[in-house]
Number of protein chains: 2
Amino acid sequence: MPGRSTIQQVARSLGVSPSTVSRAFNAPHLLKEETVSAVVATAERMGYVPNLHARALVTGKTGLIGLIVPDITNPFFPPLVRAAQRAAETRGLSVMIAETNSLPERERAHIASLAPHCGGLIIASSRLTPEELRHVADSTRVVLVNNDTEGVARVLISSASALTEGIHALVARGARRFCYVGGPHRSWSEFERRSTLEQLAAELDLDATYHRDESGTYHEARMMTATVDCETDAVIAFDDVIACGVLDGLSDRGLRVPEDMALLGCDDALPVQTRPRLSTIRLRAAEGVTEAVRMVTEATGSTVDEERVLLPGVLEFRETT
Amino acid sequence: MPGRSTIQQVARSLGVSPSTVSRAFNAPHLLKEETVSAVVATAERMGYVPNLHARALVTGKTGLIGLIVPDITNPFFPPLVRAAQRAAETRGLSVMIAETNSLPERERAHIASLAPHCGGLIIASSRLTPEELRHVADSTRVVLVNNDTEGVARVLISSASALTEGIHALVARGARRFCYVGGPHRSWSEFERRSTLEQLAAELDLDATYHRDESGTYHEARMMTATVDCETDAVIAFDDVIACGVLDGLSDRGLRVPEDMALLGCDDALPVQTRPRLSTIRLRAAEGVTEAVRMVTEATGSTVDEERVLLPGVLEFRETT
DNA sequence: TCTTGTCATGCAAACGTTTGCATGCGACGG
DNA sequence: CCGTCGCATGCAAACGTTTGCATGACAAGA
């Protein structure tokens with residue numbers, strides 16, 4: 001009968017004290033080698049597996065890290081949770097996942113329920129205010145992903161430089177009138193992409209109009225495409241699923257991509273390919289969240305030192321530009 | 001200063017015993033109403049939040065449920081983890097997630113590491129042998145999703161009846177030569193879909209050939225499509241991302257869908273739409289995993305009673321058939 | 001031989017809860 | 001006025017670990 005058996009049973013069965021068994025795993029250098037091997041052998045035989053709760057209780061280290069994401073069905077996030085899980089795994093940690101549906105309400109609730117029990121929290125694309133975030137970061141280990149609030153550790157999976165490059169390339173090919181189809185409000189990525197275009201539009205004296213697909217879904221984007229000016233030279237979409245909606249929306253209107261209008265997406269996380277193949281910005285999401293896990297686990301105090309890592313994406317011109 | 005404060009501090013600050021504070025939350029009917037409200041008030045004020053580990057230690061209930069999935073980047077799974085998380089949330093539980101990459105090795109490891117600390121385990125699309133699964137189900141609460149091993153509780157998100165219906169409809173329209181493009185080995189869903197076609201092919205005297213996209217990716221499917229016989233009347237794809245690969249693969253070869261060849265996918269979980277719109281089978285994945293959560297939490301003993309729930313999908317003919 | 005030191009192990013407290021049992025108190029029936 | 005009962009609360013043990021400190025054995029140095 002394998003499974004649950006305590007450190008005490010192992011100890012008794014060996015005629016040693018529980019401390020010895022504990023040390024055999026946590027501080028083997030304190031014990032005679034033969035003792036260690038004897039302990040691990042019987043522990044193995046008896047199917048002993050340490051009770052994490054008991055350990056957490058005494059050490060204060062829970063072995064858990066919480067990951068909060070707005071919308072797991074958005075293809076940007078699954079690779080991110082995968083990477084988080086892998087990174088945690090290599091450190092012997094497990095990850096608890098929570099989804100907020102982009103609702104600050106739910107985000108708050110999940111933070112409150114996860115924070116006390118996790119060694120650290122990774123919050124992706126937070127919709128909370130800087131004050132609020134700083135406040136939670138005051139009492140628990142937090143690293144933000146794609147949220148640039150000063151004073152708290154954060155990793156930014158950035159598209160700005162690649163987008164700048166892309167817009168310049170588009171302009172070089174004669175584009176003057178741009179249209180940005182944005183994603184969710186209060187998202188840092190949305191802000192970054194939109195303001196990159198705004199800034200360049202000002203600098204280069206471009207025409208730019210702005211739309212928004214609040215839900216971030218293909219269908220809303222496709223519907224909304226009906227309202228984009230047909231004189232537009234290039235559409236910049238917040239992400240690839242919105243870009244796909246736009247692509248099909250344009251096609252609905254008989255507009256050809258890229259001949260009539262160029263289209264640039266973002267993320268490069270779609271499980272399928274479009275035709276024509278979507279130009280996009282490849283983001284270093286997995287890398288970013290791996291870094292986040294590192295930061296949150298390497299924190300020494302009850303809080304993680306401010307650090308701001310920025311991972312620029314890379315422009316991937318394919319067939320829609 | 002909010003955050004960590006123990007039951008004892010709350011008790012002391014009120015001049016009552018820790019038991020009273022505990023009962024105020026867990027068994028309020030044992031206390032005077034005014035005591036209860038006094039306790040919750042100061043607990044709130046002091047930012048008290050129960051330590052789950054301490055609780056788990058004494059009660060043996062951990063408040064965690066583990067969810068094991070093969071590949072979270074496959075669009076079938078995110079809605080499933082979302083549903084699991086929601087269902088858990090309504091019961092005051094959290095879910096720990098682990099990804100196996102379809103490797104039995106990793107699946108075993110995750111089961112071993114999760115099982116001892118979770119109240120229950122939901123294993124989706126397990127690649128383990130029936131014996132192995134029964135063995136783990138012997139000592140821990142397990143419910144399988146999309147794996148039909150007898151003797152352990154399971155919910156099957158089934159496509160058989162819808163697929164049968166779809167094949168009949170295709171045959172009625174004159175299709176005789178079918179090609180099945182399968183997904184991962186050892187997957188129950190794969191087995192179900194393939195054998196549905198096999199059986200119908202025998203019954204109705206159809207021609208059927210079988211291919212496999214082991215990785216389940218768009219690209220492999222698209223490549224492999226080069227090998228499907230151009231006389232084929234209809235392609236049945238294991239899932240929608242494979243179907244998309246096939247769709248584009250056929251187009252690469254100058255074959256039109258549905259004129260030259262019909263195409264039927266499965267899952268209806270793609271974040272985007274194809275053109276022509278993919279015919280598929282809408283699976284009740286969210287519903288299924290919600291049920292799984294119910295089963296795993298309502299189990300009374302240290303094991304969950306065998307129960308086999310089967311949720312038939314619904315056929316969704318769109319433009320590729 | 002005695003001291004000193006090192007090395008391996010045991011003892012017991014502590015972590016923050018829950019919960020069976022005991023206790024004290026007031027009310028009520030006789 | 002006493003006995004009994006029920007109700008609200010307190011006491012203390014228990015859950016399975018980790019860890020600072022104590023202890024014992026044994027070796028080496030004096």
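Conventions used here
- Residues numbered from 1 in each chain as written.
- Chains lettered and ligands numbered in written order.
- Predicted model: local features only at pLDDT ≥ 70, side-chain atom pairs only at ≥ 80, totals over all residues.
- Heavy atoms only, no water.
- Pairing = 2+ DSSP bridges.
- Helix = DSSP H or I, 4+ residues; strand = E, 2+ residues; numbered from the N terminus.
- Axes fitted to C-alpha atoms, helices over the stretch in contact; angles between N-to-C directions.
- Contact = heavy atoms within 4.5 Å.
- Right-handed = clockwise from strand over helix to strand, strands pointing away.
- Parallel < 35°, antiparallel > 145°, perpendicular 65-115°, else oblique.
- Left-handed = near helix turned anticlockwise from the far one by under 90°.
- Nonpolar A, V, L, I, M, F, W, Y, C, P; charged D, E, K, R; others polar.
- Buried area = accessible area lost by both parts, 1.4 Å probe.
- Salt bridge = Lys/Arg side-chain N within 4 Å of Asp/Glu carboxyl O.
- Polar contact = N/O pair within 3.5 Å; in protein donor to acceptor, adjacent residues only side chain to side chain.
- Least-squares fit on C-alpha atoms with pLDDT ≥ 70 in both.

**Q** Honestly, the sheet that holds strand β9 (residues 262-264) of chain A in this entry has me stumped. Any pointers?
**A** The strands making up a sheet are joined through hydrogen bonds of the backbone, oriented either antiparallel or parallel. All names here are of chain A. The strand order across the open sheet formed by four strands is β7-β6-β8-β9, and the pairing between neighbours is parallel. The open sheet has two edge strands with one neighbour each: β7 (207-212) and β9. Strand-to-strand twist of the sheet, defined as the mean angle between neighbouring strand axes without regard to direction, takes the value 20°. Pairing of strand β8 (residues 234-237) with β9 involves three bridges; the strand directions are parallel. Each bridged residue has a counterpart across the sheet, and for I236 the counterpart in β9 is L264. Together, β6 (177-182), β8 and β9 form the strand contacts of helix α8 (residues 160-172), whose direction differs from that of β8 by roughly 170°.

**Q** I'm lost on the pairing of β7(A) in this one. Help?
**A** Sheet faces and side chains relate simply in a regular strand, where the side chains alternate between the two faces. Residue and element names in this part refer to chain A. Both β6 and β7 contribute to a ladder of six bridges, which runs parallel. Bridging across to β7, G182 finds its partner in R212. Viewed along the sheet, the connection from β6 through helix α9 (residues 188-204) into β7 turns out right-handed.

**Q** Explanation requested: the sheet that holds strand β2 (residues 94-99) of chain A in the structure shown.
**A** With mixed pairing, twelve strands are arranged side by side in an open sheet as β11(A)-β5(A)-β4(A)-β3(A)-β1(A)-β2(A)-β2(B)-β1(B)-β3(B)-β4(B)-β5(B)-β11(B). Strand pairing shows two members of the sheet lacking a second neighbour, β11 (308-312) of chain A together with β11 (308-312) of chain B, which therefore form its edges. The sheet shows a mean angle of 20° between the axes of neighbouring strands, direction not considered. Sheet topology note: the strand β1 (residues 64-69) of chain A/β2(A) ladder contains six bridges and is parallel. Among the inter-strand pairings, G66(A) is bridged to a residue of β2(A), identified as M96(A). Sheet contacts for helix α5 (residues 77-90) of chain A: β1, β2, β3 (120-124) and β5 (154-158) of chain A together with β2 (94-99) of chain B; angle to β2(B), the most-contacted strand, approximately 85°.

**Q** What am I meant to see in the packing of helix α1 (residues 7-14) of chain B against helix α3 (residues 33-46) of chain B here?
**A** When two helices pack together, their arrangement is captured by the angle between the axes and the distance separating the axes. Residues and elements named next belong to chain B. Contact geometry for α1 and α3: axes closest at 10 Å, N-to-C directions at 120°. With respect to α3, the axis of α1 lies oblique. For α1 against α3, the interelement crossing comes out right-handed. For the pair α1 and α3, contact is made by Q9, V10, S13 and L14 and by A38, V39, T42, A43, R45 and M46, respectively. Partitioned by chemical class, the residues of the contact of α1 with α3 number six nonpolar, three polar and one charged.

**Q** For this particular structure, what's the right way to read the interface of chain A and chain B?
**A** By a widespread convention, an interface's size corresponds to the accessible area lost as its parts come together. Taken together, the contact pairs 51 residues of chain A with 51 residues of chain B. Carbon and sulfur atoms supply 55% of the area buried between chain A and chain B, which totals about 4400 Å² over both sides. Linking chain A with chain B are twelve salt bridges, by the criterion used here. Linking D252(A) and R275(B) is a salt bridge whose minimum nitrogen-to-oxygen distance equals 3.0 Å. For the pair chain A and chain B, the interface holds 25 residue pairs in polar contact (both at pLDDT 80 or more). Residue contributions to the side of chain A that touches chain B peak at seven residues, all from α5(A). Of the residues belonging to the side of chain A that touches chain B, the class tally is 25 nonpolar, 15 polar and eleven charged.

**Q** Even after reading the chapter, I still don't get the relation of the copies chain A and chain B, so can you show me in this structure?
**A** Two chain copies here: they are related by a rotation about an axis and a translation along the same axis. When chain A is brought onto chain B, the operation consists of a screw motion whose angular component is 180° and whose axial shift is 0.0 Å, with 0.1 Å RMSD remaining. Here the transformation between the copies is reduced to the relation of a two-fold axis. A share of 100% of the interface residues of chain A reappears at the interface of chain B, consistent with the copies meeting face to face through the same patch.

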